[in-house]
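# Remarks on the overall topology
Here's the letter readout for the chains.
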Amino acid sequence: EDGARAEHQLLQLRVLAASLMLMPMVQFALRRKGFSRTAGALAARSDRPVRTASPADVRELAVPVGMVASRKVVGAACLGRSLVLWFLARRRGFDVELVIGAAAPQDGVLPAHAWVEYDGVPVNDSLDVRERFGSFEVQLPRLSAAVAP
């Protein structure tokens, strides 16, 4: 049990460190190059054979990513946070999906939101996020079909 706990803590630390480096770069790229080019570059650097996982496995990655995104110094919005999680999960072979949605306009503003799902389950947001935001199709590549050992 101590070995599994130490392994979990090491994973959390690695994801935290990667998020600290990636989050500002992704935020900058979104502003300079836009969503399509940023997501395309991340997809090209994260294609791996698919590994079997559970939503809980992917949620373990979401916690440190969210910690970094919530810091004022980094200040990533939901799209930057979700792109970083999407990238890091794909690098581990988890075939996650980036979902972008919008709610009904309020006071002339269209509330938009982004989150990551694994097997149709939100992993960095509440389980009812699809009830609050209607999603639309985002054309991003899926991981390679070959299953990793």
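See the structure printed just above.
As a starting point, this report considers the structure included with it. All values reported here derive from a predicted model rather than from experimental measurement.

Another aspect to go through is the packing of helix H2 (residues 55–69) against helix H3 (residues 78–91). Between H2 and H3, the shortest axis-to-axis distance is 10 Å and the interhelical angle comes to 140°. Between H2 and H3, the angle is such that the two are oblique. Both H2 and H3 take part in a crossing whose hand is right-handed. Of H3, the residues touching H2 (which contributes Val58, Leu61, Ala62, Val65, Gly66 and Ala69) are Arg81, Val84, Leu85, Leu88 and Ala89. Considered class by class, the residues forming the contact of H2 with H3 number 9 nonpolar, 1 polar and 1 charged.

In total, this model carries 2 aromatic pairs according to the counting rule given. Centre to centre, the rings of Phe94 and Tyr118 are 6.5 Å apart; their planes meet at 65°, and the pair counts as edge-to-face. Of this pair, Phe94 sits in the loop between H3 and strand S2 (97–102) while Tyr118 sits in strand S3 (residues 112–118), placing them 24 residues apart in sequence. As far as the burial class goes, Phe94 and Tyr118 line up, both buried. Between Trp115 and Phe133, the ring centres sit 6.4 Å apart and the planes meet at 45°, which makes this aromatic pair tilted. Of this pair, Trp115 sits in strand S3 while Phe133 sits in the loop between helix H4 (129–132) and strand S5 (134–136); the two residues are 18 residues apart in sequence, bridging distant segments of the chain.

With that settled, consider the pattern of salt bridges. Overall, the coordinates contain 4 salt bridges when judged by the stated rule. Between Arg142 and Asp95 there is a salt bridge, with its nearest N and O atoms 3.2 Å apart. Of this pair, Arg142 sits in the loop between S5 and strand S6 (144–147) while Asp95 sits in the loop between H3 and S2, and the two are 47 residues apart along the sequence. When its relative accessible area of 18% is taken as the criterion, Asp95 is described as buried. Across the pair Arg132 and Asp128 runs a salt bridge, and its minimum N-O distance is 3.3 Å. Given the relative accessible area of 38%, Arg132 is considered partly exposed. One salt-bridge network, held together by shared partners, links Asp125, Asp128 and Arg132.

Parameters and conventions
- Residues numbered from 1 in each chain as written.
- Predicted model: local features only at pLDDT ≥ 70, side-chain atom pairs only at ≥ 80, totals over all residues.
- Heavy atoms only, no water.
- Axes fitted to C-alpha atoms, helices over the stretch in contact; angles between N-to-C directions.
- Helix = DSSP H or I, 4+ residues; strand = E, 2+ residues; numbered from the N terminus.
- Parallel < 35°, antiparallel > 145°, perpendicular 65-115°, else oblique.
- Left-handed = near helix turned anticlockwise from the far one by under 90°.
- Contact = heavy atoms within 4.5 Å.
- Nonpolar A, V, L, I, M, F, W, Y, C, P; charged D, E, K, R; others polar.
- Phe/Tyr/Trp six-rings, centres within 6.5 Å; stacked < 30°, edge-to-face > 60°.
- Buried < 20%, exposed > 50% of the residue type's maximum accessible area, 1.4 Å probe, protein only.
- Salt bridge = Lys/Arg side-chain N within 4 Å of Asp/Glu carboxyl O.

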